[in-house]
Amino acid sequence: SAQNYIGSAITPTPNVTVPIPSGNITTLNAINDFTYSYSNNTNPTNNATVTITAKDNSNYIGSKNVSFIINPMVTFNSNGGSGTMNSQYVNYDVTTTLVENTFIKENYVFVGWNTESDGSGILYEDKANVALTNNLELYAQWNLASAPIIEEIKGGDLFQSTSQSLTLKCNDINDISSYYFGKTN
C-alpha cells in the first residue's frame, strides 16, 4: 500500500501471513521468523521494495520482494507571510488539487506559488492541479497591495491659504494618475 514520504527512509514493518497445511493462515513474527530489508525507499517512488527473508531457524524458507509506493509530499512556505499550513501528501503521479493558501502578509496580496522563494522557478496557481512523482516545496508569492490609502477630511476647509500643502501617500505612483488636485470655492 502507499506510504507517505516524510524526509527519511520509509520503513514500514511488513505483516507476513502464510497458509498452513490445515488450510488456515498464520501470521509470522518479524523477530523470530523473518528479516526484511529495503531498497529505493528514501524518495517518492512507484517502485520501492521490501525484501522479506525467512530466518534459518524458522519453519519457513524462501524470500519475497514486495513493491510499495511512496507518495510525494508538498510543503508550503509562507515566504515572509504568517500563519501555518500542513504539508499535503498526494498520490504518486495522480492529478491532485493542491489545498488553498491560508497564509497572510500585511499590506500584501497573495498571487500564487513558486518553486523558488524569489519567484524565479516554476509558477503554480492557488489550488493548482498537479501530478507529482517527487516532493515539492512551494513558496508563497506576494505583491504589495497597490491601492492608495486616502483619509477623508471632514468639516472645515482643507486649505485655508495658498501656502498650505497636502501630502498623499500611496504605494505606487501610478495610483494617483486618476485623481484631480485643485482648488474649489
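Residues numbered from 1 in each chain as written. Predicted model: local features only at pLDDT ≥ 70, side-chain atom pairs only at ≥ 80, totals over all residues. Heavy atoms only, no water.

Caption draft 1: The arrangement of the nonpolar core in detail. One finds V74, F76, F103, W113, Y124 and L138 to be the most contacted residues of the largest nonpolar core, which totals 15 residues. Of all the elements in the fold, those that place two or more residues in this core are strand 7 (73-77) and strand 13 (136-144). Among the elements that line this core, the one with the most residues is strand 13, at 4 residues. Sequence-distant contacts of F76, defined by excluding residues within four places in its chain, comprise M85, N86, Q88, L98, V99, F103, W113 and L138. Judged by nonpolar contacts, the second largest core, of 5 residues, contains V16, L28, F34 and I52. (Core = buried A, V, L, I, M, F, W, Y, C linked by side-chain atoms within 4.5 Å. Buried < 20%, exposed > 50% of the residue type's maximum accessible area, 1.4 Å probe, protein only. Helix = DSSP H or I, 4+ residues; strand = E, 2+ residues; numbered from the N terminus. Contact = heavy atoms within 4.5 Å.)

Caption draft 2: Geometry of the packing of aromatic side chains. This model, assessed by the stated rule, comprises 4 aromatic pairs. Ring centres of F103 and W113 lie 6.2 Å apart, and the angle between their planes is 70°; on these two criteria the pair is classed as edge-to-face. With F103 in the loop between strand 9 (96-97) and strand 10 (108-114) and W113 in strand 10, the pair connects residues that are 10 residues apart, well separated along the chain. As far as burial versus exposure is concerned, F103 and W113 are alike and both buried. Look at F110 and W142: their rings are 5.7 Å apart centre to centre, the planes differ by 70°, and that puts the pair in the edge-to-face class. Of this pair, F110 sits in strand 10 while W142 sits in strand 13, and the two are 32 residues apart along the sequence. Grouping aromatic residues by their ring pairs yields a cluster made of F76, F103, F110, W113 and W142. When the ring centre of Y108 is taken as reference, the NZ or CZ atom of K105 above it lies at 4.3 Å. (Phe/Tyr/Trp six-rings, centres within 6.5 Å; stacked < 30°, edge-to-face > 60°. Lys NZ or Arg CZ within 6 Å of the ring centre and 35° of its normal.)

Caption draft 3: Focus on unusual backbone geometry. Residue N79 is not a glycine yet carries a positive backbone phi of 50°. Positionally, N79 belongs in the loop between strand 7 and strand 8 (88-89). Backbone geometry at K127 places phi at a positive 60°, although glycine is not the residue there. In this fold, K127 is placed in the loop between strand 11 (123-124) and strand 12 (129-130).

Caption draft 4: Quick look at the sheet that holds strand 8. Sheet architecture is open: 5 strands sit in the order 8-7-13-10-11, paired in mixed fashion. Edge strands, defined here as strands with exactly one partner in the open sheet, are strand 8 and strand 11. (Pairing = 2+ DSSP bridges.)

Caption draft 5: The arrangement of the environment of D93 in detail. With respect to the helices, strands and loops of the structure, D93 is situated in the loop between strand 8 and strand 9. We classify D93 as partly exposed; its relative accessible area is 47%. Along the backbone, D93 and T133 are 40 residues apart, and their C-alpha atoms lie at a distance of 5.3 Å. Not counting chain neighbours up to four residues away, the residues in contact with D93 comprise A131, L132 and T133.

Caption draft 6: Focus on the environment of F103. F103 gets classed as buried once you look at its relative accessible area, which sits at 6%. Distance from F103 to F76, taken between C-alpha atoms, is 9.3 Å for residues 27 residues apart in sequence. Residues contacting F103, with those up to four places away along its chain left out, are F76, N77, S78, S82, G83, T84, M85, W113, A140 and W142.

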